[in-house]
Amino acid sequence: MSDDQVLTGPGTQTRRALLAGAGAVGASVLLTACGGDDSGDGTTAPTSGGPGATAGDAEGGDREGSSSLATTSDIPVGGGQVYAAQGVVITQPEPGQFKGFDPICTHQGCPVSNVDGGTINCSCHNSKFSITDGSVKQGPATKPLAPKPLKVQGDQISLA
């Protein structure tokens, strides 16, 4: 038996054939996972909220179907939070005043990393932006962060 052959059952197969079969199975799983939610009749199939998703919250509210990103208590006064996966930075420059900004630095397209010291900060080249209006506080960036409209309903913050 050569080094490229391995006994895998009733017959002998090459490692190459075994790996090709495993790759085909993996690709089909990936393609199935990437498939759409279209049920074929013009409606969209319901999807799971994913791990950790709940139909309600601890305070008795119902977040199902909501696109809430954060609660007002999640965003510190004079600071903010970066929600990169959702494509927004949320700040609270003054109590009860919430602002949204694009999380991509205008210098060279790096994602901003944090909100600290009253500025939205990009760690790629140390640009800093105002939490109030997204204007440049420190370069090398020369353009402000684009605003993103927010909706605050009760204590829930979402993209408008």
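Residues numbered from 1 in each chain as written. Predicted model: local features only at pLDDT ≥ 70, side-chain atom pairs only at ≥ 80, totals over all residues. Heavy atoms only, no water.

Draft legend 1. Highlighting the overall build of the protein. When you go through the protein residue by residue, the secondary structure sums to 1 helix and 12 strands. The order of helices and strands in the protein, counted from the N terminus, is β-β-α-β-β-β-β-β-β-β-β-β-β. In the protein, which comprises 160 residues, the proportion classed as buried is 24%. Within the protein, residue pairs in contact and separated by at least 24 positions form 33% of the contacts whose partners lie at least 6 positions apart. When the accessible surface of the protein is split by element, carbon and sulfur atoms take 52% of a total near 10,100 Å². (Helix = DSSP H or I, 4+ residues; strand = E, 2+ residues; numbered from the N terminus. Buried < 20%, exposed > 50% of the residue type's maximum accessible area, 1.4 Å probe, protein only. Contact = heavy atoms within 4.5 Å. Areas by Shrake-Rupley, 256 points an atom, 1.4 Å probe, with all protein chains shown as cover.)

Draft legend 2. Broad picture of the state of the cysteines. Applying the stated criterion to the full structure yields 1 disulfide. A sulfur-sulfur distance of 2.3 Å marks the disulfide that ties C110 to C124. Where C110 bonds to C124 through sulfur, the torsion about that S-S bond is close to -105 degrees, and the disulfide is left-handed. Taken together, the residues span a long stretch of sequence, with C110 in the loop between β6 (97-101) and β7 (114-116) and C124 in the loop between β8 (119-121) and β9 (128-130) at a distance of 14 residues. Here C105 stays free of any disulfide, with the sulfur of C122 as its closest cysteine sulfur at 3.9 Å. Taking the relative accessible area as the measure of exposure, C105 reaches 4% and is therefore buried. Exposure remark for C122: the relative accessible area of 3% places this residue in the buried category. (Disulfide = S-S within 2.5 Å.)

Draft legend 3. Molecular detail of the sheet that holds strand β3 (residues 68-71). Taken in spatial order, the 3 strands make up an open sheet running β3-β12-β11, and their pairing is antiparallel. Two strands in the sheet have a free side with no partner beyond their single neighbour: β3 and β11 (150-153). Here the average twist between neighbouring strands, direction ignored, is 30 degrees. Here β3 runs beside strand β12 (residues 156-159); their pairing, made up of 3 bridges, is antiparallel. Paired with A70 across the two strands is I157, which belongs to β12. (Pairing = 2+ DSSP bridges. Axes fitted to C-alpha atoms, helices over the stretch in contact; angles between N-to-C directions.)

Draft legend 4. Quick peek at unusual backbone geometry. For N126, which is not glycine, the phi torsion reads 65 degrees and is therefore positive. Take N126: it is sitting in the loop between β8 and β9.

Draft legend 5. Geometry of the sheet that holds β6. Spatially, β4-β5-β6 is the arrangement adopted by the 3 strands of the open sheet, whose pairing is antiparallel. Both outer strands of the open sheet, β4 (79-83) and β6, are each paired with one neighbouring strand and no more. In this sheet, neighbouring strand axes are inclined to one another by 20 degrees on average, regardless of whether the strands run parallel or antiparallel. Inspection of the sheet shows strand β5 (residues 88-94) paired to β6 by 4 bridges, in the antiparallel sense. Of the residues in β6, the one forming a bridge with I90 is G100.

Draft legend 6. Representation of the pairing of β4. Where β4 and β5 come together, 5 bridges link them in antiparallel fashion. Opposite V82, over in β5, you have V89 as the bridge partner. Hairpin remark: β4 followed by β5, antiparallel, with 4 residues in the connecting loop; positive phi at G87, about 75 degrees.

Draft legend 7. Seen up close, the side chain of Q156. Relative to the helices and strands, Q156 resides in strand β12. Polar side-chain contacts of Q156 include one of 2.9 Å to the side chain of D155. (Polar contact = N/O pair within 3.5 Å; in protein donor to acceptor, adjacent residues only side chain to side chain.)

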